[in-house]
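Single-letter residue listing:
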Amino acid sequence: LLEISYSLFERAINLSFEKKQDDLAFYYAEKSKSVILFESVKGNSLRSVEQQHESIFEQETQLKMELAYWEKKLFKERTGKKRETVINQCLKQIGNLQSEIHDLVEFIRKNIPEYARIKYDHSVISVQEIQSELTDNQSIIEYFVGDDFIFIFLIKKDDFVVRKLENGGDLN
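Reading guide: rules and limits
Residues numbered from 1 in each chain as written. Predicted model: local features only at pLDDT ≥ 70, side-chain atom pairs only at ≥ 80, totals over all residues. Heavy atoms only, no water. Phe/Tyr/Trp six-rings, centres within 6.5 Å; stacked < 30°, edge-to-face > 60°. Helix = DSSP H or I, 4+ residues; strand = E, 2+ residues; numbered from the N terminus. Buried < 20%, exposed > 50% of the residue type's maximum accessible area, 1.4 Å probe, protein only. Lys NZ or Arg CZ within 6 Å of the ring centre and 35° of its normal. Pairing = 2+ DSSP bridges. Axes fitted to C-alpha atoms, helices over the stretch in contact; angles between N-to-C directions.

A. Spatial organisation of the packing of aromatic side chains. Counted according to the given criterion, the structure contains 8 aromatic pairs. Ring plane angle 85 degrees and centroid distance 6.1 Å describe the contact between phenylalanine 26 and phenylalanine 160, whose orientation is recorded as edge-to-face. Of the two residues, phenylalanine 26 is situated in helix α2 (residues 22-52) and phenylalanine 160 in strand β3 (residues 159-166); the sequence distance between them amounts to 134 residues. Note on phenylalanine 160: relative accessible area 16%, which makes it buried. Geometrically, the ring pair formed by tyrosine 69 and tryptophan 70 is edge-to-face, given 5.2 Å between the ring centres and 80 degrees between the ring planes. Relative accessible area serves as the criterion here: at 47%, tyrosine 69 is assigned to the partly exposed category. Assessed through its relative accessible area of 12%, tryptophan 70 is described here as buried. Through a chain of ring-to-ring contacts, three or more aromatic side chains come together here, namely Phe17, Phe149 and Phe151. Above the ring of tyrosine 143, the side-chain terminus of lysine 33 is found at 5.7 Å from the ring centroid.

In structure tokens, the structure reads:
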């Protein structure tokens, strides 16, 4: 799953770069790091919390599986027979499940804040936030190494530059 995610992040970064949306490319690069960090922290920090509140997390998993089922059914119906009554039924179920998931996540945020912070709060710092903290003689270099490309982000107080290099596979 992480490999698939990483590949998707590389494509998102590349597409953003090609469209000259450097801030968005940086966002995806940072988000990829957030996902990898979350996966490593999740295994250690969240296991005991999940065991203590197992029924809540089973409920969340079940709701998400039901949501995926109805979304898949809706997709098939919209691309197939296009029966209005089935489409409406799917939309109603999806809305109800999204509402239930939202309520459950809010319950978790309120009652298990340490878990919620790790699991749901994957905020990423923006280029502007970094620039506001830099002095005139400071710079930050960030990078993303993908299967096909390496993206380098140079952030200065008043400048932001992104470079894309081919990844030849031999970085030694």
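B. Local environment of the sheet that holds strand β1 (residues 139-145). Overall, antiparallel pairing links the 3 strands, which are arranged β1-β2-β3 in an open sheet. Every interior strand has two partners, whereas the edge strands, β1 and β3, have only one. Within the sheet, the average angular offset between the axes of one strand and its neighbour, ignoring direction, is 15 degrees. Relative to β3, strand β2 (residues 149-156) runs antiparallel, the two being bridged by 8 bridges. Its bridge partner lying in β3, phenylalanine 151 is registered against lysine 164.

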